[in-house]
2 protein chains.
Amino acid sequence: MTDAAVLCNAGKIISVGKTRDALKDPWIKKNKRRLTEIDCGGRVVLPGFVDSHTHPAFAAPRLVDFEKRIAGATYEEIAEAGGGIRSSLAGVRGAGKAQLSKEVLKALHIFAAHGTTTVEAKSGYGLSLAAELKSLEAIRSAAGEWPGTVASTLLGAHVVPPESHGRADDYVKLVCEEMIPQVAKRGLATSVDVFCERAAFTEDQSLKILAVARSHGLSVRAHVSQLTRTSLKRLLAFQPLSLDHLDFVDDNDIRLLANSNTVATLVPGANYFLGLQEYPPARKLIDGGAAVALATDYNPGTSPTANMSFVLSLACTQMKMTPAEAISAGTINGAWALGLADRKGSLEPGKDADLAIFDVTDYREIAYWFGSHLCKQVIANGVPITPTGK
Amino acid sequence: MTDAAVLCNAGKIISVGKTRDALKDPWIKKNKRRLTEIDCGGRVVLPGFVDSHTHPAFAAPRLVDFEKRIAGATYEEIAEAGGGIRSSLAGVRGAGKAQLSKEVLKALHIFAAHGTTTVEAKSGYGLSLAAELKSLEAIRSAAGEWPGTVASTLLGAHVVPPESHGRADDYVKLVCEEMIPQVAKRGLATSVDVFCERAAFTEDQSLKILAVARSHGLSVRAHVSQLTRTSLKRLLAFQPLSLDHLDFVDDNDIRLLANSNTVATLVPGANYFLGLQEYPPARKLIDGGAAVALATDYNPGTSPTANMSFVLSLACTQMKMTPAEAISAGTINGAWALGLADRKGSLEPGKDADLAIFDVTDYREIAYWFGSHLCKQVIANGVPITPTGK
C-alpha cells in the first residue's frame, strides 16, 4: 500500500490504512489524543522482523574455529578438537550473570538496528543446571532493558557437556528431572529445544526431553536434520511450534510438515558461514505446503549475524524464495514459530506496535541490497529506537 | 599492534606507532601543532578499504531481473530478454548529468559508511559517446563532493548496445576512435576496461580496445573468464593493472598472472548474488603466487552491495582466504590494482590519511560478523566522516 499510515497507541496498533483515513480515525476524536507523527518519507514500513531462532547467551566470538574452518576443518572435526559448542562453555560458566546479560543486551540492540523487534533467545552454552539457569536469567534481565519482545527457550540439550562424556543418558536425566522442572517453575522460558543429531542427542533422548517439557506445560521445538536426516514423524507427535534447520528433509517429511501446525524454520546463515554449497530445500517445503520461517540462528560458532535483511537475501539468492515469501517468513511465519502470531508479525489493528522503517521505496530492495544496513528506525511495542548497533 | 596511534597532518600520515611515541613525535614540536585526537577506544583501525571494481553510474536497481533470476533465469537468458546490462541503458541515457551524479554520490557515501575510502568507478551503462561521457562527468562531479578518492574508468566496451546489434565491430570502432580519444583528451578517466566474454566482446575486439587505450596513455584492465575461459596470455601483454572476475582461470593462467605485475581482482559478491555454487579459485591464485585483490563489483544487476566487509566475509567463508589475506586483498592489493599503491592501501608515513575504525577488538571479526555494519568512522584524506549510509 502506498501513502499509508499506521496509527498506534499505548504499544498497540489502532488502525492501518491510507494516511488520510488514519488522520480522520474516529479513535482520535473519541480519545482526544494529540498525535506524534513519524514521517517515513515514502520509505518501506514492515512489521518488525520476528527472529525465531537465536543463541545470544555467549561470552565471546569463536575466531579460532573460524580460522580452522577456513583451513579445512569440518563441523565435527572442530567439535572433536574441543572447539564448537563446547568451546563456548568455559566463557559462559565463568561469566557473571551481569556480564552475560550485558552481552545479550548488546546483541538485542544489534538485532533492533537491523529491524528485528521480536527475538527468540536460547540458553545452551552453559550445559549445567547452574549455568543454564544463569543464561536464562541473563536473557530475562537483558529483555527487561530492551523495548522489543524476547521469547526465551531452554536449550539444555544442545550437546552433551564434556564432564558427561559417555554418560549422555545421565545428562538427559539432568535436563528432564532438574533443568526443565526448575525452568518451568520459575517461568524462565516458554519453550524447550533439543539438538536431535548424531553429534548431539539421539531421537529417543530428544523425544524424552520434549515429552517432559510438554508435561510441564512448555512449548517444544527441535534442531533436526541439519547434518543427517531424522524422520520428523515422532517429533511431530509432540506438536512442536517449530522444527529448525531441516537441510535433509525428504518428501515424506515435507508432507508431514504440511499436514501439521508446525513451522519449518530455516537458518541459511549457518550454511553460508560454514561455506556449504547446499542450502535447506525452501522451495520444496513451500511448494509442498509447509509454513516456512526464516531466522538468523545468531550464534558464535556457525552464524554470527543478527541481520535479518541479510537472511532474506540468502533466502532469495541461495534458496530461490521470492522477496515476498522471504518477508512473510521473517515476520508472520516467525511469529507462528513462537506461538505469538496473535500479537506479532503483521501490521493489523490490535497487534503490538512493532514496526521497522527501511531506507528503500520497494520492499524487494530489502533482500536485493545485500550486506547493507537499510533499517532507518524501529518501533518496538510503541517505543521508537534509532539504530546504533553494528 | 596494540595501543597504537596514527599521526596525520594535511591529509597525510606523518607516523604510525605506539601512542606514547606518536605523542612525542618531533614533528609535533617542530611544527608547533595542537593535535585533534580521535580516541578509537581500543577498536581496530585499518587503512580505508580500496574498492577497485565498481559500477556506480546507474539510475535504478534492477528488481525485475532479481525476481526473474529467483524464478530460474540465467545471466544470459535475462540479457537476451532485454534485461541485464542493457536494461540499465534507458535509465542512464535518459538521466540528466546532475541526477546521475546524485546517484553516484549517494553510492560513494554508502561505500564510506562501510569503511571504503578509495573507489574505482566505471562508466558502462550509457554505451553511446554522449552517455559514456555523461557518466564519467557525473562520476567526476560526485567525486568532487566526496572526501574520499575516486579512480575513474571508461567501460564503453561493457556490451554491444542494442542499436549496434550485429555490428559489434562498428561499435568497437566508436569506442576506439571516439570514446577513448575524447576521454583521454578531457582527462575523464585514468583507465579503460573491457568485458571480454562470449556475451560481450571477443578477445580480438578486446585487445584492439586495450591497444588504443595504451596508445592514449591510459591504464588498462579487463573483465575476463567470468562465464567462460579466455587464456590470459594476450591480455597480459598489454600490462593491465588488473584482470577481474577470473572464475575460469586454469593453472597456466595462474602461472602467467604470478609472473606479471597484474593484480587478480576477485568479485565474489557477483557469484553470491547470482546464486552460483562456484566461486573464483582464490586459494589456487594465492598459493600460485598471484596478487589477489577483492572488490565489491557494486552494480545493479549482479552485485548490489557497497560493503567491503561483507566481501571479506565471502572471501573467507566461500573462497577459504584467511581474514588477514582478505584484509590485504581489500586494501593494499586493491591499491596496486588501481596503480595507487604509493598513496593508498596501508598505514605508512607519507601515504594519504585514509583510515577506517571498526567496532571490534580483533581484526578477524571484520569478516566474522557477516552482514553486520561494523564501521564506526572513516577518515578520508584526513577528513573525518561519520557513517550514515545504508
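Predicted model, so just to flag it, every value in this text is computed and none were measured.

Some words on the interface of chain B and chain A
Now for step 1: Taken together, the contact between chain B and chain A spans 49 residues of the former and 49 residues of the latter.
Now for step 2: Here chain B packs against chain A, burying approximately 4,300 Å² in sum over the two surfaces, 61% of which is carbon and sulfur.
Now for step 3: For the pair chain B and chain A, the number of links is two salt bridges.
Now for step 4: Across the chain B-chain A interface, the total number found is 22 residue pairs in polar contact (both at pLDDT 80 or more).
Now for step 5: Where the side of chain B that touches chain A is concerned, the elements lending two or more residues are helix H3 (63-70), helix H12 (268-273), helix H14 (308-319) and helix H17 (365-368) of chain B.
Now for step 6: Considering every element that reaches the side of chain B that touches chain A, the biggest residue donor is H14(B), with six residues.
Now for step 7: When its residues are assigned to classes, the side of chain B that touches chain A shows 23 nonpolar, 16 polar and ten charged.

A few points about the relation of the copies chain B and chain A
Now for step 1: Expressed as a screw operation, the relation of chain B to chain A combines 0.0 Å of axial shift with a rotation of 180°, fitting to an RMSD of 0.0 Å. The superposition of one copy onto the other is thereby described by a two-fold rotation axis. Nearest to the rotation axis, the C-alpha of B:Gly371 is located 2.3 Å from it, this being the minimum over chain B.
Now for step 2: Looking at chain B, 100% of its interface residues are interface residues in chain A too, so the copies touch through the same face.

Things to note about the environment of A:Glu163
Residue and element names in this part refer to chain A.
Now for step 1: Relative to the helices and strands, Glu-163 resides in the loop between strand S6 (149-157) and helix H8 (168-186).
Now for step 2: The residues contacting Glu-163, other than those within four sequence positions of it, are Arg-93 and Leu-127.
Now for step 3: At 2.8 Å, the side chain of Glu-163 and the side chain of Arg-93 are in polar contact.

Some thoughts on the sheet that holds strand S8 (residues 219-224) of chain A
Residues and elements named next belong to chain A.
Now for step 1: Here eight strands make up an open sheet; going across it, the order is S4-S5-S6-S7-S8-S9-S10-S11 and the pairing parallel. Looking along the sheet, the strands with just one partner apiece sit at the ends: strand S4 (49-51) and strand S11 (292-294). Between one strand axis and the next, the sheet turns by 25° as a mean value, whatever way the strands run.
Now for step 2: Relative to strand S5 (residues 116-122), S4 is paired through three bridges, and the arrangement is parallel.

What about the sheet that holds strand S3 (residues 44-47) of chain B?
All names here are of chain B.
Now for step 1: Ordered by their spatial adjacency, four strands build an open sheet running S3-S12-S13-S14, and the pairing between neighbours is antiparallel. One side of each edge strand has no neighbouring strand; the edge strands of this open sheet are S3 and strand S14 (383-385). With strand direction ignored, the average angle separating the axes of adjacent strands in the sheet is 20°.

Regarding helix H14 (residues 308-319) of chain A
Residues and elements named next belong to chain A.
Now for step 1: In terms of residue burial, H14 counts as a mostly covered element, since twelve of its twelve residues are buried.
Now for step 2: Turning to H14, its buried residues number three or more, namely Met-308, Ser-309, Phe-310, Val-311, Leu-312, Ser-313, Leu-314, Ala-315, Cys-316, Thr-317, Gln-318 and Met-319.
Now for step 3: The backbone nitrogen of Ser-309 has a side-chain oxygen 2.9 Å away, supplied by the residue at the start of H14, namely Asn-307.
Now for step 4: Following H14 by one or two positions, Lys-320 has its phi on the positive side, about 60°.

A word on the confidence of the model for chain A
Now for step 1: For chain A, per-residue confidence averages 95 on the pLDDT scale, and residues scoring 70 or more make up 99% of the total.
Now for step 2: We note a pTM of 0.96 for the whole complex and an ipTM of 0.95 for its interfaces.

Describing the pairing of strand S7 (residues 191-196) of chain A
Residue and element names in this part refer to chain A.
Now for step 1: The buried fraction of S7 is high, at six of six residues.
Now for step 2: Neither face of S7 is left uncovered, since the one carrying Ser-191, Asp-193 and Phe-195 and the one carrying Val-192, Val-194 and Cys-196 both have all their residues buried.
Now for step 3: Where S6 meets S7, three bridges bridge the pair, whose relative direction is parallel. Directly across from Leu-154, in S7, lies its bridge partner Val-192.

Comments concerning the packing of aromatic side chains
Now for step 1: One pass over the structure, following the stated rule, counts 31 aromatic pairs over all chains.
Now for step 2: When the centroid spacing of 5.6 Å and the interplanar angle of 75° are considered together, the rings of A:Tyr272 and A:Phe310 count as edge-to-face. Of this pair, A:Tyr272 sits in helix H12 (residues 268-273) while A:Phe310 sits in helix H14, and the two are 38 residues apart along the sequence. Across the pair, A:Phe310 and A:Tyr272 agree in class, each one buried.
Now for step 3: Taking 5.6 Å as the distance between ring centres and 40° as the angle between the ring planes, the aromatic pair formed by B:Phe58 and B:Tyr298 counts as tilted. Of this pair, B:Phe58 sits in the loop between strand S4 (49-51) and H3 while B:Tyr298 is found in the loop between strand S11 (292-294) and H14, placing the two residues 240 residues apart along the sequence.
Now for step 4: B:Phe58 gets classed as buried once you look at its relative accessible area, which sits at 4%.
Now for step 5: Residue class for B:Tyr298 comes out buried when judged on its relative accessible area of 7%.

Observations concerning unusual backbone geometry
Residue and element names in this part refer to chain A.
Now for step 1: The backbone of Asp-3 shows a phi angle near 50°, a positive value even though the residue is not glycine.
Now for step 2: Mapped onto the elements, Asp-3 comes out in the segment before strand S1 (4-9).
Now for step 3: Accessibility expressed as a relative area gives 48% for Asp-3, which makes it partly exposed.
Now for step 4: Not every positive phi belongs to a glycine, and His-245 is a case in point at roughly 90°.
Now for step 5: Here His-245 lies in strand S9 (residues 242-245).

Digging into H8(A)
All names here are of chain A.
Now for step 1: Taking 1.5 Å of rise per residue, the 19 residues of H8 would be expected to cover 27 Å, and the 26 Å separating its terminal C-alpha atoms lies within 8% of that figure.
Now for step 2: Among the residues of H8, Tyr-171, Val-172, Val-175, Cys-176, Met-179, Ile-180 and Val-183 are the ones counted as buried.
Now for step 3: Count one or two residues on from H8 and you reach Gly-187, which has phi positive near 60°.

Focus on the pattern of salt bridges
Now for step 1: For the structure shown, the criterion picks out 47 salt bridges over all chains.
Now for step 2: Where A:Asp65 meets A:Arg62, a salt bridge forms, and the shortest distance between an N and an O atom there is 2.8 Å.
Now for step 3: Owing to a relative accessible area of 5%, A:Asp65 belongs among the buried residues under this scheme.
Now for step 4: Here A:Arg62 falls in the buried class, since its relative accessible area comes to 8%.
Now for step 5: Residues B:Lys344 and B:Asp352 are paired through a salt bridge, measuring 2.9 Å at the closest nitrogen-oxygen approach.

Digging into the state of the cysteines
Now for step 1: Under the defined criterion, the tally for this structure stands at zero disulfides over all chains.
Now for step 2: Of all cysteine sulfurs in the structure, the one in A:Cys375 sits closest to A:Cys316, which takes part in no disulfide; the separation is 17 Å.

Focus on the packing of H14(A) against helix H15 (residues 323-330) of chain A
Between two packed helices, what matters for the description is the angle formed by their axes and the separation of those axes.
Residue and element names in this part refer to chain A.
Now for step 1: Axis separation between H14 and H15 bottoms out at 9 Å; the angle between their running directions is 135°. On the basis of their axis angle, the class for H14 and H15 is oblique. In this structure, H14 meets H15 at a crossing whose hand is right-handed. Facing Met-308, Leu-312, Ala-315 and Cys-316 of H14, the residues of H15 in contact are Pro-323, Ala-326, Ile-327 and Gly-330.
Now for step 2: Taken together, the residues of the contact of H14 with H15 break down into seven nonpolar, one polar and no charged.

About the thresholds
- Residue positions within a chain follow its written sequence, with the count starting from 1.
- Working convention: letters from A go to chains and numbers from 1 go to ligands, in the order in which they are written.
- Per-residue local features are limited, in this predicted model, to residues with pLDDT of at least 70; the limit for side-chain atom pairs, both in listing and counting, is 80 or more; totals at the level of whole chains, interfaces and linings are taken over all residues.
- Each side-chain value is worked out from all heavy atoms of the structure, with water and hydrogens disregarded.
- Note on contacts: a residue pair is in contact if any heavy atoms of the two residues lie within 4.5 Å.
- In this description, buried area is defined as the sum, over both parts, of the accessible area (probe of 1.4 Å) that is lost when the two are combined.
- For this analysis, a salt bridge means a side-chain nitrogen from Lys or Arg found within 4 Å of a carboxyl oxygen belonging to Asp or Glu.
- What qualifies as a polar contact is a pair of N or O atoms within 3.5 Å, subject to a donor-acceptor requirement within protein and to the restriction that residues adjacent in sequence count only when both atoms come from side chains.
- By definition, any uninterrupted DSSP run of H or I lasting at least four residues is a helix, any uninterrupted run of E lasting at least two residues is a strand, and each is numbered from the N terminus.
- Any residue that is not Ala, Val, Leu, Ile, Met, Phe, Trp, Tyr, Cys, Pro, Asp, Glu, Lys or Arg is counted as polar, Gly included; the first ten are nonpolar and the last four charged.
- Each copy is superposed on the other by least squares, with the fit set by C-alpha atoms of residues at a pLDDT of at least 70 in both.
- We call two strands paired when DSSP finds no fewer than two bridges between them.
- Axes here mean lines fitted to C-alpha atoms, for a helix over just the part in contact, with angles spanning 0 to 180 degrees between N-to-C directions.
- Working definition: with a 1.4 Å probe on protein chains only, accessible area under 20% of the residue-type maximum means buried, over 50% means exposed, and in between means partly exposed.
- pLDDT: the predictor's confidence for each residue, scored from 0 to 100.
- The aromatic pairing rule takes the rings of Phe, Tyr and Trp, using the six-membered ring of Trp, and pairs them if the centres are within 6.5 Å, calling planes under 30 degrees apart stacked, those over 60 edge-to-face and the rest tilted.
- A helix is expected to span 1.5 Å for every residue after the first.
- Disulfide: a pair of cysteine sulfur atoms within 2.5 Å of each other.
- Reported orientations rely on four angle classes, namely roughly parallel under 35 degrees, roughly antiparallel over 145, roughly perpendicular from 65 to 115, and oblique for the rest.
- By definition, any crossing whose near helix is turned counterclockwise from its far helix by less than a right angle is left-handed, and any crossing with a clockwise turn is right-handed.

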